[in-house]
Amino acid sequence: GAGVSQSPRYKVAKRGQDVALRCDPISGHVSLFWYQQALGQGPEFLTYFQNEAQLDKSGLPSDRFFAERPEGSVSTLKIQRTQQEDSAVYLCASSPLQGVMTGANVLTFGAGSRLTVL
Amino acid sequence: AQRVTQPEKLLSVFKGAPVELKCNYSYSGSPELFWYVQYSRQRLQLLLRHISRESIKGFTADLNKGETSFHLKKPFAQEEDSAMYYCARTLYNFNKFYFGSGTKLNVKP
């Protein structure tokens, strides 16, 4: 596609519900990242994929958060038993090369999925 | 922790005035610094990166290792510069960005 596509754009969940957020990166992009952006804050790193391999998940806040990219393209971020503190915008970004090496690589961000947990 | 600090949440200037958005980072090896911008109703996008030593839309940023700063500057602000600006850095493994909390720039007519 022309850019990084995320769905749904908006999701309202009741506390305790499970949610799944989808990211469709730019075709052929090797690297895929998930970030969480709370209101009034900058994006916080959640996890990183290189193709289908999840190389870094150090930013996932709890074991309720799970991400996958089984075929090395589309990725899904799943949040189980949502809590109010999970309310945030979840950003996906992709890049054509490994990691975010400077000079040769630029992250392209999606529009984000805004999750509101009631 | 790898921190990026943007001390100003909001910066208001008049059109034509100089603008400086501050960014400080915690020292750790060789930093790679970036500025990202998010215009209203648009996606987060790269503005400039220190390694390129480029000027984009009239903005420049100089890495000052002594002061651990990477302030964003523009001599004459324009109304279309109004946006959220995020300073970011990577670590040596280049697998993640650390973002500051952002500064909202408001350029008044």
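A. View of the overall build of chain A. Of the regular secondary structure elements, chain A holds zero helices and 11 strands. Starting at the N terminus, the α and β elements of chain A follow one another as β-β-β-β-β-β-β-β-β-β-β. Relative to the globule expectation of 13 Å for 118 residues, the C-alpha radius of gyration of chain A, 13 Å, shows essentially globular dimensions. Judged by the C-alpha coordinates and their principal axes, chain A covers about 40 × 25 × 25 Å. For chain A, the residues scored as buried account for 47% of the 118 residues in total. Within chain A, counting contacts between residues at least 6 apart in sequence, those at least 24 apart form 54% of the total. When the accessible surface of chain A is summed, it comes to about 5500 Å², and 47% of that surface belongs to carbon and sulfur atoms. Averaging the coordinates of the 11 positive side-chain charges in chain A and doing the same for the 10 negative ones gives two points 8 Å apart.

B. Quick peek at the packing of aromatic side chains. Summed over the entire model, instances satisfying the criterion amount to 13 aromatic pairs over all chains. Geometrically, the ring pair formed by A:Tyr35 and B:Phe99 is edge-to-face, given 5.6 Å between the ring centres and 90 degrees between the ring planes. With A:Tyr35 in strand E4 (residues 31-37) and B:Phe99 in strand E10 (residues 97-99), this pair bridges two chains. A relative accessible area of 8% means that B:Phe99 is categorised as buried. Taking the centre distance of 6.5 Å and the plane angle of 40 degrees together, the rings of A:Phe65 and A:Tyr90 count as tilted. Residue A:Phe65 is found in strand E7 (residues 65-68), and its partner A:Tyr90 is found in strand E9 (residues 88-95); the two are separated by 25 residues along the sequence.

C. Layout of the pattern of salt bridges. Residue and element names in this part refer to chain B. Under the counting rule described, the total for this entry stands at six salt bridges over all chains. For the salt bridge of Lys22 with Glu20, the shortest nitrogen-to-oxygen distance reads 3.1 Å. Glu20 gets classed as partly exposed once you look at its relative accessible area, which sits at 29%. For Lys74, the salt bridge identified is with Asp81, shortest N-O distance 2.8 Å. Judged on exposure class, the residue Lys74 and its partner Asp81 are both buried. Residues joined by salt bridges that share partners form a network here, namely Glu20, Lys22 and Lys73.

D. Quick peek at the state of the cysteines. All names here are of chain A. Taken as a whole and judged by the stated rule, the model has two disulfides over all chains. The side chain of Cys23 participates in a disulfide bridge whose partner is Cys92; the two sulfur atoms lie 1.9 Å from each other. A torsion of -70 degrees about the S-S bond marks the disulfide between Cys23 and Cys92 as left-handed. Here Cys23, found in strand E3 (residues 19-24), pairs with Cys92, found in strand E9; they are 69 residues apart in sequence, far enough to count as distant. Across the pair, Cys92 and Cys23 agree in class, each one buried.

E. Representation of the interface of chain B and chain A within the structure. On the chain A side, the residues contacting the 18 residues of chain B number 24 residues. Summed over both sides, the interface between chain B and chain A buries roughly 1800 Å², with carbon and sulfur atoms accounting for 57% of that surface. Linking chain B with chain A are three residue pairs in polar contact (both at pLDDT 80 or more), by the criterion used here. Where the side of chain B that touches chain A is concerned, the elements lending two or more residues are strand E5 (32-38), strand E6 (45-49), strand E9 (83-90) and E10 of chain B. Sort the elements by how many residues they give to the side of chain B that touches chain A and E5(B) lands first, with three residues. Of the residues belonging to the side of chain B that touches chain A, the class tally is nine nonpolar, four polar and five charged.

F. Summary view of the pairing of strand E5 (residues 44-50) of chain A. All names here are of chain A. Taking burial as the measure, the seven residues of E5 include five buried ones, the bulk of the element. When E4 meets E5, the two strands line up antiparallel, connected through six bridges. By the bridge assignment, Ser31 is partnered in E5 with Gln50. A loop of six residues connects E4 with E5, the two strands running antiparallel in sequence, and Gly40 in this loop sits at a positive phi of about 80 degrees.

Rules used throughout
- Residues numbered from 1 in each chain as written.
- Chains lettered and ligands numbered in written order.
- Predicted model: local features only at pLDDT ≥ 70, side-chain atom pairs only at ≥ 80, totals over all residues.
- Heavy atoms only, no water.
- Helix = DSSP H or I, 4+ residues; strand = E, 2+ residues; numbered from the N terminus.
- Rg over C-alpha atoms; globule rule 2.2 N^0.38 Å.
- Buried < 20%, exposed > 50% of the residue type's maximum accessible area, 1.4 Å probe, protein only.
- Contact = heavy atoms within 4.5 Å.
- Areas by Shrake-Rupley, 256 points an atom, 1.4 Å probe, with all protein chains shown as cover.
- Lys, Arg positive; Asp, Glu negative; His and termini not counted.
- Charge placed at Lys NZ, Arg CZ, Asp CG, Glu CD.
- Phe/Tyr/Trp six-rings, centres within 6.5 Å; stacked < 30°, edge-to-face > 60°.
- Salt bridge = Lys/Arg side-chain N within 4 Å of Asp/Glu carboxyl O.
- Disulfide = S-S within 2.5 Å.
- Buried area = accessible area lost by both parts, 1.4 Å probe.
- Polar contact = N/O pair within 3.5 Å; in protein donor to acceptor, adjacent residues only side chain to side chain.
- Nonpolar A, V, L, I, M, F, W, Y, C, P; charged D, E, K, R; others polar.
- Pairing = 2+ DSSP bridges.

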